[in-house]
Amino acid sequence: MSTPLIALENIRQRYSDRTVLEIDNLEFQSGAIIGLAGPNGSGKSTLLRLLAFLESPAHGTVKFLGIPTQARSAVNRQVTLLVQEPYLLKRTVYANVAYGLRIRGKNDIPAKVNRALEIVGLDPAAFAKRQWFELSGGEVQRVALAARLALKPKLLLMDEPTASLDSKSAGLIHDAALSARDEYGASLVVASHDMAWLEAVTDHIHHLENGRIVRTA
Ligand code: ADP
Ligand code: MG
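About the cut-offs
- Residues numbered from 1 in each chain as written.
- Chains lettered and ligands numbered in written order.
- Predicted model: local features only at pLDDT ≥ 70, side-chain atom pairs only at ≥ 80, totals over all residues.
- Heavy atoms only, no water.
- Near = heavy atom within 4 Å.
- Polar contact = N/O pair within 3.5 Å; in protein donor to acceptor, adjacent residues only side chain to side chain.
- Areas by Shrake-Rupley, 256 points an atom, 1.4 Å probe, with all protein chains shown as cover.
- 1 Å grid on protein atoms, 1.4 Å probe; cavity = no way out; pocket = protein on both sides within 12 Å on 5 of 7 lines; lining within 4 Å.
- Sits in = over half its atoms within 2 Å of the grid points.
- Helix = DSSP H or I, 4+ residues; strand = E, 2+ residues; numbered from the N terminus.
- Buried < 20%, exposed > 50% of the residue type's maximum accessible area, 1.4 Å probe, protein only.
- Contact = heavy atoms within 4.5 Å.
- Pairing = 2+ DSSP bridges.
- Axes fitted to C-alpha atoms, helices over the stretch in contact; angles between N-to-C directions.
- UniProt positions renumbered as here; feature names shortened; annotations may be inferred.
- Right-handed = clockwise from strand over helix to strand, strands pointing away.
- Core = buried A, V, L, I, M, F, W, Y, C linked by side-chain atoms within 4.5 Å.
- Salt bridge = Lys/Arg side-chain N within 4 Å of Asp/Glu carboxyl O.

> Quick question: what am I supposed to make of the site of ligand 1 here?
Near ligand 1, the surroundings consist of Tyr 15, Arg 18, Val 20, Pro 39, Asn 40, Gly 41, Ser 42, Gly 43, Lys 44, Ser 45, Thr 46 and Arg 49. Separating an oxygen atom of ligand 1 from a backbone N or O atom of Gly 41 is a distance of 2.7 Å. Across the complex, the protein chains shield 64% of the 560 Å² of accessible surface that ligand 1 would expose by itself. If you map ligand 1 onto the pockets, it falls in the second largest pocket. Of all the secondary structure elements, the ones that give two or more residues to the shell around ligand 1 are strand S2 (18-28) and helix H1 (44-51).

Okay, structure coming up:
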């Protein structure tokens, strides 16, 4: 098997001396779609923050393409996390999606913004000029996802992306995640309570309890 995209080794995460995550070995292959399931407090979001290189483990190593990698390193440009309750810049939809492209000095920004909006099912002609306060909850979530997809991450992490959405918005988020995989080979790791969806689209589901993976199916 090729070098995993991300590998965790002997990971322990602690908050105020309490161990909330204990994972001895876990690998994510490029192109995979992986689910994370488990009750509230089982460690899903903590695991996603480690995979996103947003925080460092108290103990252990996170490798990106085989190389031990610190949190907040340049690698985190290739990995992006859609948090559970994303917030938008207090600007237009276009400005929100263009922001990350601009700070990275990308070219063809309008075309990239349009494509990202299409992937998440938002018609650019109708939505690009909308202000952040003119959006429903499901539309905010999709704009936040579009802003991440526009950067073509190698790894897209989503933390309960459909928890507060109606089923139509949830379906659009799910379709967009699969499009990202198909269009540019993004790997996906999705924490979700939507077991039917996880079972339909993921290659594996890791079940967490009390910070440990108790079952992988
Ligand atoms: P899940 O996403 O599965 O609900 P979390 O990863 O959010 O679980 O939380 C796992 C445990 O870690 C919980 O007991 C939670 O209270 C604790 N925890 C998470 N983040 C922090 C933090 N920043 N500071 C202190 N405790 C935290
Ligand atoms: Mg969580």
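> Would you mind going over the side chain of Asn 96 with me for this structure?
With respect to the helices, strands and loops of the structure, Asn 96 is situated in helix H2 (residues 93-103). Here Asn 96 falls in the buried class, since its relative accessible area comes to 9%. In this structure the side chain of Asn 96 is engaged in a polar contact, spanning 2.7 Å, whose partner is the backbone nitrogen of Leu 89. A polar atom in the side chain of Asn 96 sits 2.9 Å from the backbone oxygen of Thr 92. In contact with Asn 96, other than residues within four places in its own chain, are Leu 88, Leu 89, Arg 91, Val 143 and Ala 147.

> Looking at this structure, how should I read the sheet that holds S2?
Two modes of strand pairing occur in sheets, parallel and antiparallel, and in both the strands are linked by backbone hydrogen bonds. Taken in spatial order, the four strands make up an open sheet running S2-S1-S4-S5, and their pairing is antiparallel. The open sheet has two edge strands, S2 and strand S5 (67-68), and neither has a second partner. Sheet analysis places strand S4 (residues 59-64) next to S5, joined by two bridges and oriented antiparallel. Its bridge partner being in S5, Lys 63 is matched across the sheet by Pro 68. In the packing of H1 onto the sheet, the strands contacted are strand S1 (6-15), S2 and S4, and the crossing angle to S1 comes to about 125°.

> It is not clear to me how the UniProt feature "domain: ABC transporter" (unreviewed entry) in the protein chain should be interpreted in this structure. Could you clarify?
The sites that carry the UniProt feature "domain: ABC transporter" (unreviewed entry) are, in the present numbering, residues 6-217. In the segment residues 6-217, helix accounts for 34% and strand for 28%; the C-alpha atoms at its two ends are 19 Å apart.

> How do you make sense of the pairing of strand S7 (residues 155-159) when you look at a structure like this?
Every regular strand shows the same layout, with side chains that alternate between the two sheet faces. A large share of S7 lies buried, amounting to five of its five residues. Burial of the side chains of S7 extends over both faces: Leu 155, Leu 157 and Asp 159 are buried on one face and Leu 156 and Met 158 on the other. Pairing geometry for S7 and strand S8 (residues 187-191), over five bridges, is parallel. Along S8, the bridge assignment pairs Met 158 with Val 190. Each parallel crossover has a hand, and the one from S7 via helix H6 (residues 167-184) to S8 is right-handed.

> Explain the nonpolar core here, please?
For soluble globular proteins, the rule of thumb is that nonpolar side chains tend to be buried together. Core analysis: the biggest nonpolar cluster contains 39 residues, and Val 97, Leu 145 and Leu 149 have the highest contact counts within it. Mapped onto this core, the elements with two or more residues apiece are strand S3 (33-37), H2, helix H3 (109-119), helix H5 (137-149), S7, H6, S8 and helix H7 (195-201). If we skip the residues at most four places from it in the chain, Val 97 touches Val 113, Ala 116, Leu 117, Val 143, Ala 146, Ala 147 and Ala 150. Listed in part, the 27 residues of the second largest apolar core include Ile 34, Leu 36, Val 75 and Leu 155.

> Explain the side chain of Thr 69 here, please?
For Thr 69, the location among the structural elements is in the loop between S5 and strand S6 (79-82). Residue Thr 69 is classed as buried on the basis of its relative accessible area of 12%. In terms of polar contacts, Thr 69 uses its side chain to reach the backbone carbonyl oxygen of Ile 67, at 2.7 Å.

> Please clarify how the environment of Gln 84 should be interpreted in this entry.
Tracing the backbone through its elements, the reader meets Gln 84 in the loop between S6 and H2. A residue is classified by how much of its surface remains accessible, and Gln 84, at 35% relative accessible area, is partly exposed. Separated by 77 residues in the primary sequence, Gln 84 and Pro 161 place their C-alpha atoms 5.8 Å from one another. Not counting the four nearest positions on each side in its chain, Gln 84 is found in contact with Gln 141, Asp 159, Glu 160 and Ala 163.

> Can you help me understand the pattern of salt bridges in this one?
Pairing is possible between side chains that carry opposite charge, provided their charged atoms lie close to one another. Within the structure shown, the criterion is met by 10 salt bridges. A salt bridge links Glu 22 to Arg 12; its shortest N-O distance comes to 3.5 Å. Pair noted here: Glu 22 is in strand S2 and Arg 12 is in strand S1, with a separation of 10 residues, a long-range link. Its relative accessible area of 26% is what places Glu 22 among the partly exposed residues. Among the salt bridges present, the one from Glu 183 reaches Arg 115, with a minimum N-O distance of 2.2 Å. Residue Glu 183 is found in helix H6, and its partner Arg 115 is found in helix H3; the two are separated by 68 residues along the sequence. Three or more residues joined by partner-sharing salt bridges are found here, namely Arg 12, Glu 22, Asp 24 and Arg 212.

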